[in-house]
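Understanding the architecture of this molecule
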Amino acid sequence: MEGRTKCSFSQNRRLVAVMTVFVLVFCVGAAGYMLTDKKIQNAQETSSSGQRKVNPGCESMEENPLRLEEDPDITGAVEEYYQMLADHTSFVEGYEHLQVYTKLGKYEDTRIAFVSYGMKIKDIYTEVPGLVTLYLYRDESGAWKVEPEAESEELQKYIEIIALHEDVQSLLVQTQTAYQEAVQSDALLQEALTDLKNAYEDSTGS
């Protein structure tokens, strides 16, 4: 999305939110995972010695199960990220009922977060269930940061592996079902999503 464009920050974030909805509709199950912008970052992953420390067993579901995150520093970083998205997206009132599920990242002091939420579109009563994947890392000060922007093919491949774990797939199916039920229950929501889809397609020329 960034490469096409002279769009404003607000427009970019609007497209991110729209894509979140339509990736969920059309790609859950086919892709097996979702990323905000499908971009992650690895510049902060090195230890003081310059060597990355791999989390043992991180690619195994048994050794790296999906869990509901309870660390307030991690959940707070995710909440701050979604507040920023809502603040820069004109048609979204907010992201409610955030639940942050995590698995260990490939490297020490990193996490892969699968975040479920209800997106509240302005003037629409029914929330849109959604699920995205975020990459988190601990910076030099020890604070957790959400970094969905920079590309890393290596980490994308890692996320593809863990996203095929049965516990993640179960969460994806639950979210897809909730999305379908929400859309079927509210004709105004159906109309709003159609308008957003058309706006996105017009903006990308697809």
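So, a few notes on the structure that sits alongside this text. Quick caveat: nothing in here was measured; it's all calculated off a predicted structure.

Definitions and limits used
Residues numbered from 1 in each chain as written. Predicted model: local features only at pLDDT ≥ 70, side-chain atom pairs only at ≥ 80, totals over all residues. Heavy atoms only, no water. Buried < 20%, exposed > 50% of the residue type's maximum accessible area, 1.4 Å probe, protein only. Helix = DSSP H or I, 4+ residues; strand = E, 2+ residues; numbered from the N terminus. Pairing = 2+ DSSP bridges. Core = buried A, V, L, I, M, F, W, Y, C linked by side-chain atoms within 4.5 Å. Phe/Tyr/Trp six-rings, centres within 6.5 Å; stacked < 30°, edge-to-face > 60°.

**Notes on the pairing of strand β3 (residues 110-121)**
Counting buried residues along β3, 12 of its 12 residues qualify, which places the element largely inside the surrounding structure. Both faces of β3 are covered, namely the face carrying Thr110, Ile112, Phe114, Ser116, Gly118 and Lys120 and the face carrying Arg111, Ala113, Val115, Tyr117, Met119 and Ile121. Where β3 and strand β4 (residues 128-138) come together, 10 bridges link them in antiparallel fashion. Bridging across to β4, Phe114 finds its partner in Thr133. Hairpin connection between β3 and β4: a loop of 6 residues separates the two successive antiparallel strands, and Asp123 in this loop has a positive phi of roughly 70°.

**Regarding the nonpolar core**
Judged by nonpolar contacts, the single largest core of 30 residues is most densely connected at Tyr82, Ile121 and Leu134. Taken together, the elements giving at least two residues each to this core come down to α2 (72-87), β2 (92-104), β3, β4, β5 (144-146), α4 (166-185) and α5 (187-204). Looking at which element gives the most residues to this core, the answer is α2, with 7 residues. Counting 17 residues, the second largest nonpolar core, distinct from the first, contains Cys58, Tyr101, Tyr107 and Ile159.

**Regarding the packing of aromatic side chains**
One pass over the full model with this rule turns up 4 aromatic pairs. Aromatic pair Tyr81 and Tyr82: ring centres 5.4 Å apart, planes at 85°, arrangement edge-to-face. A relative accessible area of 6% places Tyr81 in the buried class. Feature note: the residues Tyr81, Tyr82, Tyr95 and Tyr117 constitute an aromatic cluster, connected by ring pairs.

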